[in-house]
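# Fold and geometry: a report
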Amino acid sequence: MTYRPPAREGISPRKVVLQAVVPADTEYFAAAAGDSPFSPGQLLPAGMALSRPVPAWYHPDVPEERPIPFDYTMLYEDHDLIVVDKPHFLPTTSNGRLVRETLQTRLRMDFGEDDIVPLHRLDRLTAGVVVCSRNLRTRGTYQRLFAERKVTKTYYARLSACLEYSGTVELSMHKVKGSRQVSLGGTPTLTHVEAHGYAASLIPHTGHTHQLRVVCNYLGAPIQGDDTYPIDRGLDLYDFSSPLQLVAHRLEFADPLSGTRREFSTLRQLGGNLN
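So, how was this worked out
Residues numbered from 1 in each chain as written. Predicted model: local features only at pLDDT ≥ 70, side-chain atom pairs only at ≥ 80, totals over all residues. Heavy atoms only, no water. Core = buried A, V, L, I, M, F, W, Y, C linked by side-chain atoms within 4.5 Å. Buried < 20%, exposed > 50% of the residue type's maximum accessible area, 1.4 Å probe, protein only. Helix = DSSP H or I, 4+ residues; strand = E, 2+ residues; numbered from the N terminus. Contact = heavy atoms within 4.5 Å. 1 Å grid on protein atoms, 1.4 Å probe; cavity = no way out; pocket = protein on both sides within 12 Å on 5 of 7 lines; lining within 4 Å. Points joined across faces, edges and corners; volume = space filled by probe spheres on them. Nonpolar A, V, L, I, M, F, W, Y, C, P; charged D, E, K, R; others polar. Polar contact = N/O pair within 3.5 Å; in protein donor to acceptor, adjacent residues only side chain to side chain.

As annotated in an unreviewed UniProt entry, the chain carries the name RNA pseudouridylate synthase and is attributed to Corynebacterium simulans.

### So, the nonpolar core
Counting 39 residues, the largest nonpolar core has Leu107, Leu159, Leu202 and Leu246 as the members making the most contacts within it. Every element with two or more residues in this core is listed here: strand E6 (81–86), helix H1 (103–111), strand E8 (127–133), strand E9 (152–175), strand E11 (187–204), helix H3 (211–218) and strand E12 (246–254). If one sorts the elements of this core by residue count, E9 sits on top with seven residues. Leucine 107 has contacts with Tyr72, Ile82, Val84, Gly112, Ile116 and Cys132, leaving out every residue within four places of it along the chain.

### Things to note about empty space enclosed by the protein
Throughout the structure, instances matching the rule amount to two cavities of 30 Å³ or more. Reported here for the second largest cavity is a volume of approximately 30 Å³. The wall of the second largest cavity is formed by His120, Leu122, Val129, Lys153, Thr154, Tyr155, Ala248, Arg250 and Leu251. Looking at the lining of the second largest cavity, its residues break down into five nonpolar, two polar and two charged.

### A closer look at the environment of lysine 86
Relative to the assigned elements, lysine 86 resides in strand E6. The sequence separation of lysine 86 and methionine 74 amounts to twelve residues, and the corresponding C-alpha distance is 9.0 Å. Those residues in contact with lysine 86, other than ones at most four positions away along the chain, are Thr92, Leu103, Leu122, Asp123, Arg124, Thr126, Ala127, Gly128, Val130 and Arg268. A distance of 2.7 Å separates a polar atom in the side chain of lysine 86 from the backbone oxygen of leucine 90. Within the structure, lysine 86 has its side chain in polar contact with the backbone oxygen of arginine 124 (distance 3.2 Å).

Put into structure tokens, the structure is as follows:
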């Protein structure tokens, strides 16, 4: 197995290629490389001159973060998987602004396991079922399920307008760099929608940023609590006053190891207690 330093406080190390001299800003550990003069994991002395580029690992300096006052609920665990109900407002993994206050970091700290990695993502504002891998040996097998779209995900949403719709919505979407909103045109997406009144069941057949939020807005019934569609109201990581009324309710797949049908669902109610 390729050398990789353990996480610190649930936060993974980062890899870099050092040039000319080993910096003194933090500790660097040699990464595995065929032409490296150092053994994998060897501490590289600060100030050492380097005769060639050297790949190395280091632990980033991550400042403290204001706590997100909502936590996950355990749904299931075995030796391969951990399944949780993620709350609104907690990122699944680091989004660049939050690193410590993420589902991944909390799970690693709570279980004392550096290898816990979510197998898919939920938007920070979306609550519901998240399946995580805790076993490196089987992770790739489960990751392929998601990559090959062999997982059925059912979401429930509360809409801001009355809508009667039953069918599959085909939309092309494009995430503009620097914009929080996704624009129409670009990558094709498919979403099955069953909407009756202010309630909707949504099954995405593709996985695009903000796909469900864009679809509901396109149909004239944005999801309640949406801070981005139809109007971008700006980002405030610590405004918990209006949770997005979107929940990843159920996730289903045929287990690639056992062949059994797996189904995980949340009892979370839209508009209910966020805890």
